[in-house]
Amino acid sequence: MGEESLARVAVLLSGRGSNFLSLHAAMERGEIPARIVVVVSNNSKAAGLTKAAELGIPAIAIPRRRSSRLQHDERVIEVLRQQRVEWVCLAGYMRLLSPAFVAAFPRRILNIHPSLLPSFPGLEAQGQALSHGVRLSGCTVHLVDEGLDSGPVVIQKAVPVEDEDTEDSLAARILIEEHRAYPEALSRLLTMDWDIEGRRIRWQPATRGPASG
Ligand code: GAR
């Protein structure tokens, strides 16, 4: 597929960047009709930024410093506009987006969260699941709305919670599924016809090029 027909994706991250790398690898394998045109982080020390730079992808730190949430988001939006970004993938981006950000990319922002939403939104989702004593957890890829880890679910993958699990062992088991779920979700959104009915995404079977959604 020619570069021009690939959807232009921005990845926003705050840390390690393993989900960014799994998306990038799936694109390189031709499994998602998209390419990552910029990686942005609120954390200038994020390992994910270094990895992006090593891959030759523009990697831009935009620390919040003393700016308001809105001012910060406006700076990020400006960078994304400069790069003609069509889709935004949050991948361990530890900031809640302002309504202005959500409105700037309607139905085009995705997030991955390490729990089966709507259970355990927010921080330390794996620890929340463990302390609650659930026997199943997993990950959720969802479209982003103005709430915290709310928004229509695209894909979920479940994993068992074992008796001997620690937060780290559960997080590692979930992460394996995250790396499958995120590419699968983005690929679906880009190649299938879909619409949103209430909270539900309704999929049509027809496959085609990048979706207008
Ligand atoms: C992932 O587990 C992701 O689901 C989580 O942060 C981690 C980032 O890892 N995101 C959230 O908790 C958002 N609420 P990564 O930097 O290796 O992709």
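Below: a short report on this structure. Just so you know, the residues in each chain are numbered from 1, in the order the chain's sequence is written. In view of the model being predicted, local features appear only for residues whose pLDDT reaches at least 70, and side-chain atom pairs are presented and counted only at 80 or more, with totals across whole chains, interfaces and linings using the full set of residues. To obtain the side-chain values, all non-hydrogen atoms of the structure were included, while hydrogens and water were left out.

1. Looking at unusual backbone geometry
Phi is mostly negative for residues that are not glycine, and the peptide bonds are mostly trans. A cis amide bond, omega 15 degrees, links Leu117 with the succeeding residue Pro118. Secondary-structure assignment places Pro118 in the loop between β5 (109-113) and α5 (125-132). The residue Phe120 is not glycine, and still its phi comes out positive at about 60 degrees. Secondary structure elements follow DSSP: runs of H or I no shorter than four residues count as helices, runs of E no shorter than two count as strands, and numbering proceeds from the N terminus. With respect to the helices and strands, the residue Phe120 is situated in the loop between β5 and α5. For the exposure calls, accessible area comes from a 1.4 Å probe over protein chains only, and a residue counts as buried if that area is under 20% of its type's maximum, exposed if over 50%, partly exposed in between. Overall, Phe120 belongs to the buried group, its relative accessible area being 13%. At Asp149, a position not held by glycine, the phi torsion is positive, near 50 degrees. Within the element layout of this structure, Asp149 appears in the loop between β6 (136-143) and β7 (153-160). Assessed through its relative accessible area of 15%, Asp149 is described here as buried.

2. Some remarks on the pairing of strand β2 (residues 34-41)
In regular strands, side chains alternate between the two faces of the sheet. Taking burial as the measure, the 8 residues of β2 include 7 buried ones, the bulk of the element. We treat two strands as partners when DSSP finds at least two bridges between them. Here strand β1 (residues 7-13) runs beside β2; their pairing, made up of 7 bridges, is parallel. Across the sheet, residue Leu12 finds its bridge partner in β2, namely Val40. Of the crossover connections in this fold, the one passing from β1 over helix α1 (residues 18-28) to the parallel β2 is right-handed. By convention a crossover is right-handed if, when the strands point away from the viewer, the path from the first strand over the helix to the second runs clockwise. Read as a crossover between parallel neighbours, the route from β2 over helix α2 (residues 47-54) to strand β3 (residues 59-61) is right-handed.

3. A short note on the site of the ligand
When we say a residue is near a molecule or strand, we mean one of its heavy atoms is within 4 Å of it. Near the ligand you find Arg16, Gly17, Ser18, Asn19, Gly92, Met94, Ile112, His113, Pro114, Asp149 and Glu178, and these make up its full shell. Two N or O atoms form a polar contact when they lie within 3.5 Å of each other; inside protein one atom must be a possible hydrogen donor and the other a possible acceptor, and for residues adjacent in sequence the pair counts only when both atoms belong to side chains. Here an oxygen atom of the ligand and a backbone polar atom of Gly17 are 2.7 Å apart. Residue assignment for the shell around the ligand shows that the elements contributing at least two residues are α1 and β5. When grouped by side-chain class, the residues that make up the shell around the ligand number 3 nonpolar, 5 polar and 3 charged. Just so you know the grouping, Ala, Val, Leu, Ile, Met, Phe, Trp, Tyr, Cys and Pro go in nonpolar, Asp, Glu, Lys and Arg go in charged, and all remaining residues, Gly too, go in polar.

4. So, the nonpolar core
Core analysis: the biggest nonpolar cluster contains 41 residues, and Val11, Trp87, Leu110 and Leu186 have the highest contact counts within it. Top contributing element to this core by residue count: helix α6 (residues 167-191), with 8 residues. Here, two residues are considered to be in contact whenever any of their heavy atoms come within 4.5 Å of each other. Contact partners of Leu186, with chain neighbours within four places excluded, come to Val9, Leu23, Met27, Ile32, Trp87, Cys89 and Leu110. Throughout this description, the term nonpolar core refers to a set of buried Ala, Val, Leu, Ile, Met, Phe, Trp, Tyr and Cys residues connected via side-chain atoms within 4.5 Å. Of all hydrophobic cores here, the second largest spans 21 residues; its members include Leu12, Ile77, Val79 and Phe101.

5. Brief notes about the environment of Gly92
Structurally, Gly92 is set in the loop between β4 (87-90) and α4 (99-104). For the pair Gly92 and Val11, spaced 81 residues apart in the sequence, the C-alpha separation amounts to 9.6 Å. Setting aside residues no more than four positions away along its own chain, Gly92 makes contact with Leu13, Ser14 and Gly15.

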